[in-house]
Amino acid sequence: MTGASPSAVFATDLKVQMTPTTVDIRITPSRNNYGEISYSGSATTYPAYVRRITAADRDTDNDLARCEYVAYIPDQSLTLEVEDQITLPAPISGTRPIVKVDIRSDAIGQVGVVAYIGSRRGT
């Protein structure tokens, strides 16, 4: 036995085996006097599984109707917010808005974050 918790072993296996890409995330935005969001500092890279949302995934919920991609990020401590900045990997290669965030947990605690990502800003 390794002594690691089953949840930690699962999270490590998930990161190694099922996250072929990465996303770059910058958190803690600030607002200027005009209410515009700005980010400082460098982005942190997280392993992720990113997929395009199909018509079957969409429903009457306005949040999901505006989503183009879903990023599954297996991280036990990431606190992602809608105003944070996410950059998707190639071939998408773009900074896009986060429309919705879902924290996934088990009996021990957080195991991952699901980020619902919209279309490019300005389009």
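Owing to the predicted nature of the structure, the values given are computational and were not obtained by experimental measurement. (Residues numbered from 1 in each chain as written. Predicted model: local features only at pLDDT ≥ 70, side-chain atom pairs only at ≥ 80, totals over all residues. Heavy atoms only, no water.)

1. Quick notes on the pairing of strand β5 (residues 67-73)
In summary, the side chains of a regular strand alternate between the two faces of the sheet.
And step 1. In terms of burial, β5 is largely enclosed, as 6 of its 7 residues are buried.
And step 2. When strand β4 (residues 44-52) meets β5, the two strands line up antiparallel, connected through 4 bridges. Bridge pairing in β5 places Arg 51 opposite Val 70. (Buried < 20%, exposed > 50% of the residue type's maximum accessible area, 1.4 Å probe, protein only. Helix = DSSP H or I, 4+ residues; strand = E, 2+ residues; numbered from the N terminus. Pairing = 2+ DSSP bridges.)

2. Re the packing of aromatic side chains
And step 1. Inspection of the entire model under this criterion finds 1 aromatic pair.
And step 2. Arranged with centres 6.2 Å apart and planes meeting at 35°, the rings of Tyr 49 and Tyr 72 form a pair that is tilted. Highlighted residues: Tyr 49 in strand β4 and Tyr 72 in strand β5, separated in sequence by 23 residues.
And step 3. Residue Tyr 72 is classed as partly exposed on the basis of its relative accessible area of 29%.
And step 4. Cation over ring: Lys 100 sits above Tyr 116, and NZ or CZ is 5.4 Å from the ring centre. (Phe/Tyr/Trp six-rings, centres within 6.5 Å; stacked < 30°, edge-to-face > 60°. Lys NZ or Arg CZ within 6 Å of the ring centre and 35° of its normal.)

3. Notes on the environment of Glu 36
And step 1. Its location among the elements puts Glu 36 in the loop between β2 (30-31) and β3 (37-38).
And step 2. Owing to a relative accessible area of 48%, Glu 36 belongs among the partly exposed residues under this scheme.
And step 3. With near-sequence residues (within four places) excluded, Glu 36 lies in contact with Ser 30 and Arg 31.
And step 4. At 2.8 Å, the side chain of Glu 36 forms a polar contact with the side chain of Asn 32. (Contact = heavy atoms within 4.5 Å. Polar contact = N/O pair within 3.5 Å; in protein donor to acceptor, adjacent residues only side chain to side chain.)

4. Some thoughts on the nonpolar core
And step 1. Within the largest apolar cluster, 17 residues are counted, with the highest numbers of intra-cluster contacts made by Val 23, Ile 25, Val 50, Ile 73 and Leu 88.
And step 2. Contributions of two or more residues to this core are made by β1 (21-26), β4, β5 and β9 (110-118).
And step 3. The residues contacting Val 50, other than those within four sequence positions of it, are Thr 21, Val 23, Tyr 69, Val 70, Ala 71, Leu 88, Pro 89 and Ile 92.
And step 4. Counting 6 residues, the second-largest nonpolar core is a separate cluster that includes Cys 67, Val 99, Val 114 and Tyr 116. (Core = buried A, V, L, I, M, F, W, Y, C linked by side-chain atoms within 4.5 Å.)

5. Some points on the pairing of β9
And step 1. Burial runs high along β9: 9 of the 9 residues are buried.
And step 2. In the sheet, β5 pairs with β9 via 6 bridges, with the strands oriented antiparallel. Its bridge partner lying in β9, Ala 71 is registered against Ala 115.
And step 3. As consecutive antiparallel partners, strand β8 (residues 98-105) and β9 are separated by 4 residues, and within that stretch Gly 109 has a phi angle of approximately 150°, a positive value.

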